[in-house]
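Overview (structure and organization)
Here is how the chains run, residue by residue.
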Amino acid sequence: METVYFKGTPCHTYGAVPAVGAKAPNFTLVTPELKEVHATDYKGKRVVLNVFPSLDTPVCAAGVRRFNKEASTLDNTVVLCVSMDLPFAAGRFCTAEGLKDVTPASAFRSPMFAEEYGLQLVDGPLAGLLARAVIILDEDGKVMYRDLVEEITEEPKYDEALQVLRR
């Protein structure tokens, strides 16, 4: 169990975020076209899991915009923007914003993603949604970076994550 905060109120997650160096759990997420994507689909690429509660909040939307801007400069890297939002809504957001360098990926029918990555909020005002985190997987599917954002209303450490990707 991890502890994060929503406007100062403690919230807890189911499980713990995988440690740096650990083999990342497999995942199944859904794109706006209702296509399932799996961790194994990205073998040989680095994967940024930009995870957040919902695109319907300014901080979450800002994170997707920022990673879209940075993604085009990163070699051999795919950015998956993961939330419990329905895939249609995530796709509509990216289309309206003109975001083409990230992939919206919904965990709405994949409770195992939320549990195995330790990001399912089990209490607090956002219970049932995902905590905010950035997890970067290397080409072999091992965790090379993790940032579980302590205060959900704050943005992740973009510069730190990007430094890891640019090494």
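Further remarks concern the packing of aromatic side chains. This model, assessed by the stated rule, comprises four aromatic pairs. Plain terms: the ring middles of Phe67 and Tyr158 are 5.5 Å apart, the flat faces sit at 70° to each other, and that makes the pair edge-to-face. In this pair, Phe67 is assigned in helix H1 (residues 58-71) and Tyr158 in helix H4 (residues 158-166), connecting sequence segments 91 residues apart. The class for Phe67 is buried, based on a relative accessible area of 2%. The buried category is assigned to Tyr158, whose relative accessible area is 7%. Three or more aromatic residues link up through ring pairs in this structure, and these residues are Phe27, Phe113 and Tyr117.

This part is about the pairing of strand E1 (residues 3-6). Burial along E1 is one-sided: the residues Val4 and Phe6 are buried and none of Thr3 and Tyr5 is. Here E1 folds back onto strand E2 (residues 9-14) in antiparallel fashion, the turn holding two residues, of which Lys7 has a positive phi close to 55°.

This paragraph deals with the environment of Arg167. Summarising the element assignment, Arg167 is placed in the segment after H4. The exposure class assigned to Arg167 is exposed, which follows from its relative accessible area of 77%. On a C-alpha basis, the gap between Arg167 and Tyr14 in space is 32 Å, while along the polypeptide they are 153 residues apart.

Quick look at the pairing of E2 now. Bridge count for E1 against E2 is four bridges, and the pairing is antiparallel. Within the sheet, the bridge partner assigned to Tyr5 lies in E2 and is Pro10. Pairing of E2 with strand E8 (residues 120-121) involves two bridges; the strand directions are antiparallel. By the bridge assignment, Tyr14 is partnered in E8 with Gln120.

Here we take up the packing of H1 against H4. The interhelical angle for the contact between H1 and H4, taken along N-to-C directions, is 30°, at an axis separation of 12 Å. Accordingly, the angle class assigned to the pair H1 and H4 is roughly parallel. Remark: the crossing between H1 and H4 carries right-handed chirality. In contact with Ala62, Gly63, Arg66, Phe67 and Glu70 of H1, H4 contributes Tyr158, Asp159, Leu162 and Arg166. By residue class, the composition of the contact of H1 with H4 is four nonpolar, one polar and four charged.

Per the counting criterion, the structure on display carries six salt bridges. Across the salt bridge formed by Lys157 and Asp147, the nearest N and O atoms sit 3.5 Å from each other. Note that Lys157 is positioned in the loop between strand E10 (143-148) and H4 and Asp147 in strand E10, a separation of 10 residues in sequence. For Asp147, a relative accessible area of 6% translates into the label buried. The network of salt bridges with common partners includes Arg66, Glu70, Asp159 and Arg166.

Cut-offs used in this document
- Residues numbered from 1 in each chain as written.
- Predicted model: local features only at pLDDT ≥ 70, side-chain atom pairs only at ≥ 80, totals over all residues.
- Heavy atoms only, no water.
- Phe/Tyr/Trp six-rings, centres within 6.5 Å; stacked < 30°, edge-to-face > 60°.
- Helix = DSSP H or I, 4+ residues; strand = E, 2+ residues; numbered from the N terminus.
- Buried < 20%, exposed > 50% of the residue type's maximum accessible area, 1.4 Å probe, protein only.
- Pairing = 2+ DSSP bridges.
- Axes fitted to C-alpha atoms, helices over the stretch in contact; angles between N-to-C directions.
- Parallel < 35°, antiparallel > 145°, perpendicular 65-115°, else oblique.
- Left-handed = near helix turned anticlockwise from the far one by under 90°.
- Contact = heavy atoms within 4.5 Å.
- Nonpolar A, V, L, I, M, F, W, Y, C, P; charged D, E, K, R; others polar.
- Salt bridge = Lys/Arg side-chain N within 4 Å of Asp/Glu carboxyl O.

Keep in mind that these numbers describe shape and distance, not what the molecule does.
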